[in-house]
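Take a look at the letters that make up each chain.
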Amino acid sequence: MERRWCILTDALPHELIVGEERFPIDVRTSTALNCLRKLREDIPEEAKLSYLLRRLGLPNTLDALDTALGYLAGPPAEEKEPRRGKPDFDYFQDAELISAAFQQAYGIGLNELTQMHWWRFLSLLGGLPSSTRFMEVISIRTMEINPKDSAEEKARKRRMKKAVALKDTRTEEEIKRDVQNGFNNLGL
């Protein structure tokens, strides 16, 4: 059985290996989030990838790109079924809720939050208690509307979901692609 990385027993990475060479990287949460933000911008792919590699301190190669994207995805985890549908949260739209949740749950302020190791941040984010407003919002976004619910209950749930819904941040090109994929999946 392959040994997996474990936050309790293994050191957080401070360098990435590309080919045979080791590269020290900027591990701060703020750096990772800036990289993720750049990847979402409506700019040429080459500009996004160049920024990502430069920001992390990696060479401009395909191997480095794979390594960088793997690092940003977080620690290797057990194989899970990929999630489909809308995301539960957005780092940028939910930034204030995330910051407040870290303060409430862990006593971690914004400065420490943005300076902590990216993988530590991801671990703590995944462990936030349901008593935080951030987790309450996620619970509302992901709640099911049961067909057996009364019309009033369905309407109440829809209003709640609408009140905390994420804004669509896709580019025009991404929206067109998603619409086309939807038509393609209909099998018409």
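Quick caveat: nothing in here was measured; it's all calculated off a predicted structure. (Residues numbered from 1 in each chain as written. Predicted model: local features only at pLDDT ≥ 70, side-chain atom pairs only at ≥ 80, totals over all residues. Heavy atoms only, no water.)

What to know about the packing of helix α7 (residues 133-142) against helix α8 (residues 151-164)
Part 1 of the argument: Where α7 contacts α8, the axes come no closer than 8 Å and their chain directions differ by 130 degrees. Judged by the inter-axis angle, α7 sits oblique to α8. You can see that α7 and α8 cross each other, and the crossing is left-handed. Note on element contacts: α8 touches α7 through M160, K161 and V164, opposite R133, V137, I140, R141 and T142.
Part 2 of the argument: Taken together, the residues of the contact of α7 with α8 sort by class into four nonpolar, one polar and three charged. (Axes fitted to C-alpha atoms, helices over the stretch in contact; angles between N-to-C directions. Helix = DSSP H or I, 4+ residues; strand = E, 2+ residues; numbered from the N terminus. Parallel < 35°, antiparallel > 145°, perpendicular 65-115°, else oblique. Left-handed = near helix turned anticlockwise from the far one by under 90°. Contact = heavy atoms within 4.5 Å. Nonpolar A, V, L, I, M, F, W, Y, C, P; charged D, E, K, R; others polar.)

What to know about the environment of F134
Part 1 of the argument: As for its position among the elements, F134 is in helix α7.
Part 2 of the argument: Under the relative-accessibility criterion, F134 is labelled buried at 2%.
Part 3 of the argument: F134 sits 45 residues away from F89 along the chain, and the two C-alpha atoms are 8.9 Å apart.
Part 4 of the argument: Not counting residues up to four positions away in its chain, the partners in contact with F134 are F89, D94, L97, I98, A101, L125 and L128. (Buried < 20%, exposed > 50% of the residue type's maximum accessible area, 1.4 Å probe, protein only.)

Digging into helix α6 (residues 118-126)
Part 1 of the argument: All buried positions along α6 are accounted for by W118, W119, F121, L122, L124 and L125.
Part 2 of the argument: Of the surrounding elements, those touching the buried residues of α6 are α1 (29-40), α3 (62-73), α4 (95-106), α5 (110-115) and α7.

Re the packing of α4 against α7
Part 1 of the argument: Following both chains from N to C, one finds α4 and α7 inclined at 130 degrees, their axes separated by 7 Å at the closest point. What the angle tells us is that α4 and α7 run oblique. Facing α4, whose interface residues are L97, I98, A101 and Q104, α7 presents R133, F134 and V137.

What about α4?
Part 1 of the argument: If you check α4, its first and last C-alpha atoms are 16 Å apart, about what 12 residues at 1.5 Å a residue would give, namely 16 Å.
Part 2 of the argument: Here α4 has its buried residues at I98, S99, A101 and F102. For α4, the angular spread of the buried residues around the axis is 160 degrees, confining them to a single face.
Part 3 of the argument: Summarising the contacts, the buried residues of α4 are in contact with α5, α6 and α7.
Part 4 of the argument: Immediately beyond the C-terminal end of α4, within one or two residues, lies G107, with a positive phi of roughly 70 degrees. (Expected span 1.5 Å × (residues − 1). Arc of directions from axis to C-beta.)

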